[in-house]
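# Fold and geometry: a report
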Amino acid sequence: MATLVLIHGAYQGGWIWSPVATRLSAAGHRVFAPSLDGCAERSAQVRPGITTETQAEEIAELLRYEDLDQVVLVGTSAGGMVLARVAELAQERIQRLVFVDALALLNGEKIHDIVTDTAAVTDELVTGPLPGRMLEMLQASMEPELAQWAADRFGRHPVATFDQPVVLDSFWEQAWDASVIWCRQAPNPGEPHQRRCAEKLGARWHELDTGHYPMLSTPDELTRLILEG
């Protein structure tokens, strides 16, 4: 039995992992899919000072309070940034890392250094997709009913996670058991960025012929790759 912590990306919440979490739990694994601070059902808590690093600190505390060890840490999209910081903060609790079409920034980089399509509605606290944008993106890789269900749940994300450089003091200098899963139909973060991550970590490389949200569009295949490593 594995212990897995699934970290969502921008505009999302723990809800996006539901199809994969259900499959993992049914197979007997212990699964946590928390919503990050200021996201989804926690959006009413948004405030100045929420960054990638504070979100990661909260997940690291989850690992400590739940006494989680030998954790398979999985991150998607902007959740890859949080994953890297959590691993750095709680290295002794981590068994394996899985980057799922994820951003894996170097110390000091920002999302805008990597992502080319950043059209969004932004204010001093949050940023979010343009109206109708998420439904359009989701419909490209999944059935209309599922796309609408997901689009109805996408929301805004703490803006500092986009604007502030990531802080990773030692992540890229450490040895990790890692895998990278690239979604071929997703323009961002793109193959070159994910190849860089795989090369720097000496990670195993996998591909899925789907869009940026494989936990919704291809949950069986993604679950298999997460477990296989």
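Summary of the structure given here.

Cut-offs applied
Residues numbered from 1 in each chain as written. Predicted model: local features only at pLDDT ≥ 70, side-chain atom pairs only at ≥ 80, totals over all residues. Heavy atoms only, no water. Buried < 20%, exposed > 50% of the residue type's maximum accessible area, 1.4 Å probe, protein only. Helix = DSSP H or I, 4+ residues; strand = E, 2+ residues; numbered from the N terminus. Pairing = 2+ DSSP bridges. Right-handed = clockwise from strand over helix to strand, strands pointing away. Phe/Tyr/Trp six-rings, centres within 6.5 Å; stacked < 30°, edge-to-face > 60°. Lys NZ or Arg CZ within 6 Å of the ring centre and 35° of its normal.

### Re the pairing of strand S8 (residues 178–183)
Counted residue by residue, S8 has six buried out of six residues, so it is predominantly covered. In this sheet, S8 lies alongside strand S4 (residues 94–102) in parallel orientation, the contact comprising four bridges. By the bridge assignment for S8, Val100 is matched with Ile181. Where S8 and strand S9 (residues 204–208) come together, five bridges link them in parallel fashion. Paired with Trp182 across the bridge in S9 is Glu207. In this fold, S8 hands off to helix H7 (residues 191–201), which returns the chain to S9; that crossover is right-handed.

### What about the packing of aromatic side chains?
One pass over the structure, following the stated rule, counts seven aromatic pairs. Measuring from ring centre to ring centre gives 6.0 Å for Tyr11 and Phe162, while their planes differ by 15°; the resulting arrangement is stacked. Residue Tyr11 is located in the loop between strand S1 (3–7) and helix H1 (18–26), and its partner Phe162 is located in helix H6 (residues 160–163); the two are separated by 151 residues in the primary sequence. Per residue, the accessibility class of Tyr11 equals that of Phe162, and both read buried. For the ring pair Trp15 and Trp149, a centre distance of 5.6 Å and an interplane angle of 80° mean the geometry is edge-to-face. A residue pair is termed long-range when its members are at least 10 positions apart, and Trp15 in the loop between S1 and H1 and Trp149 in helix H5 (residues 144–151) qualify at 134 residues. Of the aromatic side chains, those joined through ring pairs into one cluster are Trp15, Trp149, Phe154 and Tyr213. Positioned above the aromatic ring of Tyr65, the side-chain terminus of Arg64 is 4.3 Å from the ring centre. Lying across the ring of Trp205, Arg195 places its NZ or CZ 3.8 Å from the centre.

Don't take any of this as a statement about function, it's just geometry.
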